[in-house]
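# Coordinate analysis (summary)
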Amino acid sequence: MNGASYGGKRGVHAIYPGSFDPLTFGHVDVIERAAHIFDHVLVAVVVNPQKREPLFSLDERKRLIEESMRHLDNVDVADFRGLLAHYVKVKQIDVIVKGLRVVSDFESEMSTALMNRSLSNVDTVFLPSDPRYSFLSSSLVKEVFFLGGEIDQYVPLPVLRTLHEKRDLLA
Ligand code: PNS
């Protein structure tokens, strides 16, 4: 029996999975809103997604989320490998949270949500991205930064500092 149906005592536990390479204000906005709706939010950083090598190590990605989300006491950070559907069962998660920025997000997220529900019986709730961040992605932020653009308004301070450190190391 999961938390939500256990007399409501455990509360509703949500998971917000992602690569977070790195965390942006778009992610922060979704986490803050999810933390307002649900009793607990687990921000879960994926290990070895079928993507190219991340810029930030797993430990860096987790630390940057922890440092940036300290103001919320019902948010925790963890990592997972393998299927999200398996992880949500192990962690007794009640709901998966995803942010939706643009229509193209919806197309891919819809089939992922249905597959996750089919595998785990856990539903996905979509939070529409704040229009201020609807164009924002970790990849765009990295590209703009390394090409010399200003990104202060797109990422939390710990992320900005670590990006500067990385660029200094490369220089
Ligand atoms: O931030 P991202 O890269 O868009 O996040 C994608 C993520 C981590 C949520 C997605 O790749 C995922 O859930 N990966 C775990 C592997 C898995 O469960 N794959 C099957 C999805 S139906």
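Residues numbered from 1 in each chain as written. Predicted model: local features only at pLDDT ≥ 70, side-chain atom pairs only at ≥ 80, totals over all residues. Heavy atoms only, no water.

## Some thoughts on the side chain of Arg61
- Along the chain, Arg61 falls in helix H2 (residues 58–68).
- Buried and unpaired, Arg61 has Asp21 as its nearest opposite-charge partner, separated by 4.6 Å. (Helix = DSSP H or I, 4+ residues; strand = E, 2+ residues; numbered from the N terminus. Buried < 20%, exposed > 50% of the residue type's maximum accessible area, 1.4 Å probe, protein only. Lys, Arg positive; Asp, Glu negative; His and termini not counted. Salt bridge = Lys/Arg side-chain N within 4 Å of Asp/Glu carboxyl O.)

## Here we look at the site of the ligand
- With respect to spatial proximity, 13 residues lie near the ligand, and among them Ser19, Lys51, Gly82, Leu83 and Leu84 are the closest.
- Ser19 places a side-chain nitrogen or oxygen 2.5 Å from an oxygen atom of the ligand.
- Protein chains shield 68% of the accessible area of the ligand, which is 550 Å² for the free molecule.
- By residue number, the principal contributor to the shell around the ligand is helix H4 (residues 103–120), which donates three residues.
- Residue classes in the shell around the ligand are distributed as six nonpolar, five polar and two charged. (Near = heavy atom within 4 Å. Polar contact = N/O pair within 3.5 Å; in protein donor to acceptor, adjacent residues only side chain to side chain. Areas by Shrake-Rupley, 256 points an atom, 1.4 Å probe, with all protein chains shown as cover. Nonpolar A, V, L, I, M, F, W, Y, C, P; charged D, E, K, R; others polar.)

## A closer look at a nonpolar patch on the surface
- A cluster of nonpolar side chains, contributed by Leu55, Phe146 and Leu170, occupies part of the molecular surface with about 280 Å² of accessible area.
- With respect to the helices and strands, Leu55 occurs in the loop between strand E2 (40–46) and H2. (Patch = residues over 30% accessible without salt bridge, like charges linked within 9 Å, V, L, I, M, F, W, Y side chains within 5 Å.)

## A word on the nonpolar core
- In terms of nonpolar packing, the biggest core is built from 32 residues, with Tyr16, Ile31, Val41, Val43, Ile65, Val75 and Val97 touching the most fellow members.
- Broken down by secondary-structure element, the contributors of at least two residues to this core are strand E1 (13–18), helix H1 (25–37), E2, H2, strand E3 (75–80), strand E4 (95–100), helix H5 (138–146) and helix H6 (157–170).
- Sort the elements by how many residues they give to this core and H1 lands first, with five residues.
- Aside from chain neighbours lying at most four places away, what touches Val43 is Tyr16, Phe20, Ile31, Ile65, Val75, Asp76, Val77 and Ala78. (Core = buried A, V, L, I, M, F, W, Y, C linked by side-chain atoms within 4.5 Å. Contact = heavy atoms within 4.5 Å.)

## A short note on the packing of aromatic side chains
- Within the structure shown, the criterion is met by six aromatic pairs.
- The interplanar angle of 40° and the centroid separation of 6.4 Å between the aromatic rings of Phe25 and Tyr133 together place this pair among those described as tilted. With Phe25 in helix H1 and Tyr133 in the loop between strand E5 (123–128) and H5, this residue pair connects regions lying 108 residues apart in the sequence.
- The class for Phe25 is partly exposed, based on a relative accessible area of 24%.
- A ring pair is formed by Phe80 and Tyr87, whose centres lie 5.2 Å apart and whose planes are at 20°; its orientation type is stacked. (Phe/Tyr/Trp six-rings, centres within 6.5 Å; stacked < 30°, edge-to-face > 60°.)

Taken by themselves, the reported measurements are silent on function.
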